[in-house]
Amino acid sequence: MKRAVWLAAGAAPAFWGAYTWGSHLLTLGSVWRGPTWRYAAALTFDDGPHPEWTPRVLDILDRADARGTFFLIGRRAQRAPAIARRIALAGHDLGNHTWSHQSFWRCGPRETECEIRDGHVAIAAAAGAEPRFFRPPWGKTNLAMFGTLRRLGTPCVFWSVQPESRRPVDPAEQARRGIACARPGAIYDLHDADGVPGAGARLVEFLPALIAGLRDQGYALVPLHELL
Ligand SMILES: [Zn+2]
């Protein structure tokens, strides 16, 4: 009996470790960058739509005649359908970034499925177009996520360049890093809304310089479906 209790106590963390940490082995089959034969890169924007910053990002992309990919949070898209629709109509790709931006390390299989499906449905309803890609919040995966994505037909897309991660980085430094890290097929992870406080404001400050710097190096800036 004692042995069974001990085994159960040991098995739960082991199972959770495999379900969360272990699932990251499966990300080897996910998208981290595009093909390297062509001078193209994808700008991707997470965590919007934000009522102030996302329209300004769209204005910057319009003026530069560049297309990107927006990984929207479902409940934010539901609150800002006009912005979601503008993203789709301007020719940018849509991605699903879950319903409420929960970490999948804290979600069981059922909650994981709801986060993905509810996000997908809300974004499609708000934007009038289905999301084609998926990105998990903070890049954290679990084993349940991959099955749901297969059924929805939305590949999991990570990134190869992240000018700002968990802590705020000065806009000029983000532009410098982004330009220095340019490679054919690069996927840029940018944020048009908070995660890290103030991310949207910093993005609109450095995005024009990043676009100009990448263009100077000869990169075409394309939505993910075109890059991949
Ligand atoms: Zn996010």
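Here the structure is shown first, and the text comes after it.
Residues numbered from 1 in each chain as written. Predicted model: local features only at pLDDT ≥ 70, side-chain atom pairs only at ≥ 80, totals over all residues. Heavy atoms only, no water.

The residue H92 is located in the loop between helix 4 (81-89) and strand 3 (93-96) in this model. Within the structure, the side chain of H92 is placed 2.9 Å from the backbone nitrogen of G68, a separation counted as a polar contact. In this structure H92 touches L58, L61, A66, R67, G68, F70 and I87, once residues within four positions along its chain are discounted. (Helix = DSSP H or I, 4+ residues; strand = E, 2+ residues; numbered from the N terminus. Polar contact = N/O pair within 3.5 Å; in protein donor to acceptor, adjacent residues only side chain to side chain. Contact = heavy atoms within 4.5 Å.)

Bringing the nonpolar core into the picture now. L43, F45, L61, Y188, L190 and L207 are the most contacted members of the largest nonpolar core, which has 35 residues in total. Of all the elements in the fold, those that place two or more residues in this core are strand 1 (40-46), helix 2 (53-64), strand 2 (69-72), helix 4, helix 5 (109-127), strand 5 (187-191) and helix 8 (199-216). Examining the composition of this core, we find that seven residues originate from one element, helix 8, more than from any other. If we skip the residues at most four places from it in the chain, L43 touches L61, G68, T69, Y188, L190, L207, L210, I211, L214, L221 and V222. Core analysis: the next-biggest nonpolar cluster, separate from the first, contains 20 residues, A40, V157, L224 and L227 among them. (Core = buried A, V, L, I, M, F, W, Y, C linked by side-chain atoms within 4.5 Å. Buried < 20%, exposed > 50% of the residue type's maximum accessible area, 1.4 Å probe, protein only.)

A separate point is the pairing of strand 1. In terms of residue burial, strand 1 counts as a mostly covered element, since seven of its seven residues are buried. With burial as the criterion, each face of strand 1 is covered, one bearing A40, A42, T44 and D46 and the other bearing A41, L43 and F45. Alignment of strand 1 against strand 6 (residues 220-221), held across two bridges, turns out to be parallel. The partner of A40 across the bridge, within strand 6, is A220. One ladder, built from five bridges, connects strand 1 with strand 5; its direction is parallel. Across the sheet, D46 pairs through a bridge with H191, a residue of strand 5. As judged from the three bridges shared by strand 1 and strand 2, these two strands associate in the parallel manner. (Pairing = 2+ DSSP bridges.)

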